[in-house]
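# Structure at a glance
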Amino acid sequence: MSEFPIQIEPSALDYLAKMLARKGQPGDFIRVGVNGGGCSGFEYLIKIESVQRESDLELMIGEVKFVCDPKSAKFLSGALLKSSGNLIGGGLTFENPNAERSCGCGTSFTPKS
């Protein structure tokens with residue numbers, strides 16, 4: 001997979017651009033991905049980072065750079081990152097077609113078999 005696995009809704013982009021401007025340093029970017037854990041098996045990851053891996057997939061939208069590792073990309077392929085309007089969960093949510101079920105808080109999921 002060489003194309004970026006997720007789409008980012010304009011309101012989510014605005015939220016993340018403001019977060020990056022407030023908390024990031026020049027050259028920082030947003031990493032999206034998944035980690036093992038959470039109450040449903042995998043948890044979503046969105047964080048500011050400054051070191052990119054050679055294997056990372058990359059997407060530039062305006063001044064905001066997004067990266068995702070190839071392993072996470074398999075679990076996020078076709079997902080949409082949206083602004084939830086909620087204060088809990090960082091105000092962002094994933095609509096993930098690869099999730100069999102998600103936890104109540106929306107931060108973790110069980111992948112489809």
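Here, every reference points to the structure presented above.
What comes next is a walk through the structure. Since this is a predicted model, take the numbers as computed values, not measurements. Throughout, a residue's number is its position along its own chain's written sequence, starting from 1. With pLDDT at 70 or above as the cut-off, local features in this predicted model cover only qualifying residues; side-chain atom pairs require 80 or more to be listed or tallied, and sums for whole chains, interfaces and linings still use all residues. In computing side-chain values, all of the structure's heavy atoms are included and hydrogens and water are not.

Here the focus is the sheet that holds strand β6 (residues 79–83). What makes two strands pair is DSSP finding at least two bridges between them. Every helix listed is a DSSP run of H or I at least four residues long, and every strand listed is a run of E at least two residues long, numbered separately from the N terminus. What the 3 strands build is an open sheet, ordered β1-β6-β7; its pairing is mixed. Each of the sheet's edge strands pairs with one partner strand only, and the pair in question is β1 (6–8) and β7 (92–95). With direction set aside, neighbouring strand axes in the sheet form an average angle of 25°. Where β6 meets β7, 4 bridges bridge the pair, whose relative direction is antiparallel. All axes are obtained by fitting lines to C-alpha atoms, using only the stretch in contact for helices, and the reported angles, taken between N-to-C directions, cover 0 to 180 degrees.

Where strands meet in a sheet, backbone hydrogen bonds hold them as pairs that are either parallel or antiparallel. Within the open sheet, the 6 strands sit side by side as β4-β5-β2-β3-β9-β8. Their pairing is mixed. The sheet terminates laterally at β4 (57–61) and β8 (99–102), the two strands that pair on one side only. Averaged over neighbouring strand pairs, the angle between their axes works out to 30° when direction is ignored. Should any heavy atoms of two residues lie within 4.5 Å, those residues are considered in contact. Against the sheet, helix α1 (residues 10–23) touches β2 (29–36), β3 (42–49), β4 and β5 (64–68), its axis set at about 100° to β5.

Fair warning: the whole summary comes from geometry, so function is off the table for now.
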